[in-house]
Amino acid sequence: MFQDFRLERVELSEATLRVRHGGSGPPVLLLHGHPRTHTTWHRVAPRLAEQHTVVCPDLRGFGQSSQPQDTPDHAGSSKRAKARDCVELMAHLGFEQFAVVGHDRGAYTAFRAALDHPGVVTKLAVLDAVPIAEALQRCDARFAGAWWHWFFFGQPEKPERAILADPDAWYGNTPGKATQMGAENYADYRAAIHDPAVVHGMVEDYRAGLGLDRAHDEADRQAGRQVRCPTLLLWSLKDDLEDLYGDVLAVWRPWAANLRGHGIDSGHHMAEEAPAELAAALLAFLHGD
């Protein structure tokens, strides 16, 4: 897994991140979602690394990266804070500008990085996500039924207790899941979901989403801010974004000035389930206008 990539821990001003990086060429940062770690990219990163320098961190609060300090507003788990980590990490590795790809919760950090640091992020790819403000504004019974965990995770203490009572049952681990994910990726993910500190950090990401992250999105909407760099939206055809929103691109158009996208024939974890198709779509985007 990740042959010829380097694995290290990088100390930043606000966090210490576990990071794997390799390849050569224009830099691209890959951000994982919940409840994964950076190893979710193990089938995609080597394909991109043939033409790019690829950087895959565990986001703060996830995997083996450090945990932010708890505060009433969950600011340390906000996407703005995690975006600062990304910019500082890439500068540490020698890149003042870079493309960023984010999946699921990582897509919110990627989106925030592009909004907050427009001179730094050159291209943005969002996988299986719409802006948090849009999701909450459009919340209806279908959304609440399908994404109920957003609101459960917003409650104090109980989510961690429920998950840690049986993490494998909570996340639906089965004998076939290791094969689907790849043995090393599965082992890394499973270690994360059994670690009480990591479970807390992952849940805090949702608590920040319901409060501070939504406020940041709303402030940008009111100010008319958009992502100015080229933006690619990819969504899993076997997941529920189309069911919830119909025209997924239409949801994103007010937020991105230069937008394109399409569905991927995959379930939600497309980096594991459809790595060749995903890598091809990303490479076409990274090498295009």
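It should be emphasised that the depicted structure is a prediction, and the values quoted were computed from it without experimental measurement. (Residues numbered from 1 in each chain as written. Predicted model: local features only at pLDDT ≥ 70, side-chain atom pairs only at ≥ 80, totals over all residues. Heavy atoms only, no water.)

J.: Lay out the pattern of salt bridges with the relevant residues and their values.
T.: All told, the structure shown has 25 salt bridges when counted by the stated rule. We note a salt bridge from Glu204 to Arg207, for which the minimum N-O separation is 2.9 Å. Of the two residues, Glu204 and Arg207 are both situated in helix H11 (residues 196-223); the distance of three residues between them amounts to about one turn of the helix. The same class applies to Glu204 and to Arg207, which are both buried. Residue Glu218 pairs with Arg221 through a salt bridge whose shortest N-O separation is 3.2 Å. Taken together, the residues span about one helical turn, with Glu218 and Arg221 both in helix H11 at a distance of three residues. Residue Glu218 is classed as partly exposed on the basis of its relative accessible area, which comes to 23%. Residues joined in a network through salt bridges with shared partners are Arg80, Arg112, Asp116, Asp217, Asp220 and Arg225. (Salt bridge = Lys/Arg side-chain N within 4 Å of Asp/Glu carboxyl O. Helix = DSSP H or I, 4+ residues; strand = E, 2+ residues; numbered from the N terminus. Buried < 20%, exposed > 50% of the residue type's maximum accessible area, 1.4 Å probe, protein only.)

J.: Tell me what's going on with the UniProt feature "domain: AB hydrolase-1" (unreviewed entry) in the protein, and back it up with residues and numbers.
T.: When the UniProt feature table is mapped to this numbering, "domain: AB hydrolase-1" (unreviewed entry) covers residues 26-270. Measuring from the first to the last C-alpha atom of residues 26-270 gives 23 Å, for a span that is 48% helix and 14% strand. (UniProt positions renumbered as here; feature names shortened; annotations may be inferred.)

J.: Account for the pairing of strand S5 (residues 98-103), with residues named and values stated.
T.: As a general feature of sheets, a regular strand has side chains that alternate between the two faces. For S5, the buried fraction is high: six of the six residues fall into the buried class. Bridging between strand S3 (residues 27-31) and S5 involves four bridges; their strand directions are parallel. When the bridges of S5 are listed, Leu29 appears paired with Val100. The sheet contact formed by S5 and strand S6 (residues 121-127) spans six bridges and is parallel. Counterpart to His103 in the pairing with S6 is Leu127. This β-α-β element, S5 to helix H3 (residues 105-116) to S6, shows right-handed connectivity. (Pairing = 2+ DSSP bridges. Right-handed = clockwise from strand over helix to strand, strands pointing away.)

J.: Please provide a residue-by-residue account of H3, values included.
T.: Relative to the 16 Å expected for twelve residues at 1.5 Å per residue, H3 spans 17 Å between its end C-alpha atoms, a close match to the ideal helical length. The buried fraction of H3 amounts to eleven of the twelve residues, a majority that puts the element mostly inside the structure. Those residues of H3 that fall on the buried side of the exposure criterion are Arg105, Gly106, Ala107, Tyr108, Thr109, Ala110, Phe111, Arg112, Ala113, Ala114 and Leu115. (Expected span 1.5 Å × (residues − 1).)

J.: Describe unusual backbone geometry, with residues and values.
T.: Where the residue is not glycine, phi is negative for most of them; where a peptide bond is considered, it is trans in most cases. The peptide bond linking His34 to Pro35 adopts the cis configuration, its omega dihedral lying at 0°. Along the chain, the position of Pro35 falls in the loop between S3 and helix H1 (45-49).

J.: Describe the nonpolar core, listing the residues and the values that go with them.
T.: Of all hydrophobic cores here, the largest spans 63 residues; its most connected members are Leu29, Leu124 and Trp150. No other element matches H3, which puts seven residues into this core. If sequence neighbours within four positions are ignored, Leu29 has contacts with Val55, Pro57, Cys86, Leu89, Met90, Phe98, Ala99, Val100 and Val101. Grouped together as the second largest cluster of nonpolar side chains are 28 residues, Trp41, Ile264, Leu278 and Phe285 included. (Core = buried A, V, L, I, M, F, W, Y, C linked by side-chain atoms within 4.5 Å. Contact = heavy atoms within 4.5 Å.)

J.: I'd like a description of the sheet that holds S6, backed by residues and values.
T.: The eight strands lie next to each other as S1-S2-S4-S3-S5-S6-S7-S8, forming an open sheet whose pairing is mixed. The open sheet has two free edges, formed respectively by strand S1 (6-11) and strand S8 (259-264), since each of these has just one partner strand. Ignoring strand direction, the axes of neighbouring strands in this sheet form an average angle of 20°. With six bridges joining them, strand S7 (residues 231-236) and S8 adopt parallel strand pairing. Bridge pairing links Thr231 to Leu259 in S8. Across the sheet, helix H2 (residues 79-92) lies against S1, strand S2 (16-23), S3, strand S4 (53-57) and S5, angled at about 140° from S3, the strand it touches most. (Axes fitted to C-alpha atoms, helices over the stretch in contact; angles between N-to-C directions.)

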